[in-house]
Amino acid sequence: MFAVMRLSSAVWNAEPNAAHRALVDLERKASLHTLVTQNIDGLHHAAGQNPELVIEIHGNVREAKCMTCGWRGPMDETLKRVEAGEEDPPCLECGGILKSATISFGENLVAEDLLRSQRAAAGADVFVALGTSLGVYPAAGLPEIALKTGATLIIANAQETPFDLAADAIFRDQLGELLPELVDRI
């Protein structure tokens, strides 16, 4: 039944916005070295971001994974099986349960992704936190790592965050308006 619900998800119609495109522009200016996202929609990839720079710390709905053997593959292939009549397709490798390749409640983050994120934060000259309350750990701990190694902290979020007092700059603007303007100035 899980796969049947996936067919009608609004995520398949989502499109990158001006903020996603501005981050691609920032990368092209050689000013973006790592992009850690808690979003699971895959829109950074759809906008054209270099996949090697993107760390999807909570996974991605555009991939399926097997809960038993760990197989991973494109979600659209699994959904094609649903459209062909399989109500809840099993893993073709082991017969296990397939789900989106997102981190579910109680599931551990991918250790390699978390370590890459922490290393990137520790090596950042400037750490920019965009559209996040900085309240969900362990990702919320990344600004702290960056600050400990001397990075400049910039926060762009509509509401206050626990790191506002430590930030060098704070923006409350809509990201789709703010980011293109800021990237143009670089």
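All values derive from a computational prediction rather than experimental measurement.

All right, on to the sheet that holds strand S7 (residues 152-156) then. Taken in spatial order, the three strands make up an open sheet running S6-S7-S8, and their pairing is parallel. The outermost strands of the open sheet, each flanked by one partner alone, are strand S6 (126-130) and strand S8 (169-171). The mean inter-strand angle of the sheet, taken between neighbouring strand axes irrespective of direction, is 15°. Bridge count for S6 against S7 is five bridges, and the pairing is parallel. Counted as the bridge partner of Leu-130 is Ala-156 from S7.

Quick look at the side chain of His-20 now. Relative to the helices and strands, His-20 is located in helix H2 (residues 18-28). For His-20, the residues in contact, after removing those within four places along its chain, are Leu-43, His-44, Ala-47 and Gln-49.

Glancing now at the pattern of salt bridges. As a working rule, side chains carrying opposite charge can pair if their charged atoms are close by. All told, the structure shown has eight salt bridges when counted by the stated rule. As a salt-bridge pair, Glu-107 and Lys-65 come within 2.6 Å of each other at their nearest N and O atoms. Taken together, the positions of Glu-107 in the loop between strand S5 (98-102) and helix H5 (111-122) and Lys-65 in strand S3 (residues 59-66) put the pair 42 residues apart, joining distant regions of the chain. The class for Glu-107 is partly exposed, based on a relative accessible area of 25%.

Rules behind the numbers
- Residues numbered from 1 in each chain as written.
- Predicted model: local features only at pLDDT ≥ 70, side-chain atom pairs only at ≥ 80, totals over all residues.
- Heavy atoms only, no water.
- Pairing = 2+ DSSP bridges.
- Helix = DSSP H or I, 4+ residues; strand = E, 2+ residues; numbered from the N terminus.
- Axes fitted to C-alpha atoms, helices over the stretch in contact; angles between N-to-C directions.
- Contact = heavy atoms within 4.5 Å.
- Salt bridge = Lys/Arg side-chain N within 4 Å of Asp/Glu carboxyl O.
- Buried < 20%, exposed > 50% of the residue type's maximum accessible area, 1.4 Å probe, protein only.

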